[in-house]
Structures are given as structure tokens and as C-alpha cells.
Amino acid sequence: MVTTLPIGEGSDGVFYDENRKLIFSSNGSGTLTVITQKNKDSYAVLETISTAKGARTLTMSKATGALYLPTANFGDTPAATSDNPNPRASIVPDSFKILVIK
């Protein structure tokens with residue numbers, strides 16, 4: 001392990017852009033953490049960008065550098081029960097979208 005850096009909650013995707021020496025962490029909490037690689041053993045958080053709740057998966061176009069994060073709008077989270085102690089919020093029908101960050 002080289003270092004540990006703070007990122008948002010619920011990260012599901014990480015992408016490394018070798019041309020720009022940037023690491024992107026998409027976080028379900030509604031943020032995108034951008035980390036810069038200073039050298040092979042040094043990294044730092046460059047910025048945190050607001051995205052949308054649930055936008056925790058990503059991919060990048062190597063040709064353009066654009067990032068794509070799918071998400072949707074979410075309804076209420078049901079109360080926890082013994083059968084489902086960690087319920088997830090429902091997805092609002094027809095609300096799927098892809099965020100594009102350039």
C-alpha cells in the first residue's frame with residue numbers, strides 16, 4: 001500500500017487515465033473524487049466534483065477523456081425489517097440517465 005486518500009461513500013467504480021495521470025472514483029453518495037498521481041509513490045486528491053446520488057459506476061472514453069456515469073432518480077427508502085435490514089431506495093420509473101463529465 002502506497003497511501004490512503006479520502007473518497008466519497010459507496011464507491012463502485014475507479015478509472016485510471018494514464019495520459020493525464022488522474023484517477024477517478026465514482027461514489028454513490030453523489031461525488032466524483034479526482035486524484036492526481038504526482039509520481040509512482042505519491043498521490044493526492046485534486047478535487048471532488050458533485051454528481052448525482054447513485055452515480056457510482058463509470059467508464060471513460062480514451063479518445064476524448066469524457067467520463068460517463070449512469071444513474072437514476074430514487075424514491076423513498078423503506079424502513080428496515082428483520083428480513084431486509086439494509087433496504088435500498090426504489091428507482092423512479094423512466095428516470096435513467098447518463099452523466100457526462102468532460
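Now for a quick tour of the structure. This is a predicted model, so every value here is computed, not measured. (Residues numbered from 1 in each chain as written. Predicted model: local features only at pLDDT ≥ 70, side-chain atom pairs only at ≥ 80, totals over all residues. Heavy atoms only, no water.)

Examining the nonpolar core
The test is simple: Put simply, buried Ala, Val, Leu, Ile, Met, Phe, Trp, Tyr and Cys residues joined by side-chain atoms within 4.5 Å make one nonpolar core. Note on exposure labels: buried denotes an accessible area under 20% of the residue type's maximum, exposed denotes more than 50%, and partly exposed covers the range between, all computed with a 1.4 Å probe on protein chains only. For this analysis, residues touch if any pair of their heavy atoms sits within 4.5 Å.
One finds F15, L22, F24, L32, V34, A55, L58, M60, L67, L69 and I101 forming the largest nonpolar core, which totals 11 residues. Those residues in contact with L69 that sit more than four places away from it in its chain are S26, L32, T51, A55, T57, L58, K97, I98, L99 and I101.

Side note on the sheet that holds strand β4 (residues 42-50)
Strand pairing in a sheet is mediated by backbone hydrogen bonds. Such pairs are either parallel or antiparallel. Note the threshold: In this analysis, strands are considered paired if DSSP registers two or more bridges between them. Here a strand is any run of E in DSSP of at least two residues, a helix any run of H or I of at least four, and the numbering for each starts at the N terminus. For every element, the axis is a line fit to its C-alpha atoms; helices are fit only across the contacting stretch, and the angle between N-to-C directions ranges from 0 to 180 degrees.
On the basis of which strands lie adjacent, the open sheet formed by 4 strands has the order β1-β2-β3-β4 and antiparallel pairing. Of all strands in the sheet, those bounded by a partner on one side alone are β1 (11-17) and β4. Strand-to-strand twist in this sheet, taken as the mean axis angle between neighbours without regard to direction, amounts to 20 degrees.

Quick look at the side chain of T71
Applicable threshold: Think of a polar contact as two N or O atoms within 3.5 Å of one another; within protein, one of them needs to be a possible hydrogen donor and the other a possible acceptor, and neighboring residues in sequence only count if both atoms come from side chains.
Summarising the element assignment, T71 is placed in strand β6 (residues 67-71). Here A55 takes part through its backbone nitrogen, which lies 3.5 Å from a polar atom of the side chain of T71. Apart from residues lying up to four places away in sequence, T71 is in contact with A52, K53, G54, A55, S95, F96, K97 and L99.

Concerning the pattern of salt bridges
The criterion, for reference: Salt bridge, as used here, is a side-chain nitrogen of Lys or Arg placed within 4 Å of a carboxyl oxygen of Asp or Glu.
Summed over all chains, the structure comprises 2 salt bridges. D17 is paired through a salt bridge with R20; the nearest N and O atoms lie 2.4 Å apart. Looking at D17, the relative accessible area reads 5%, which means it is buried.

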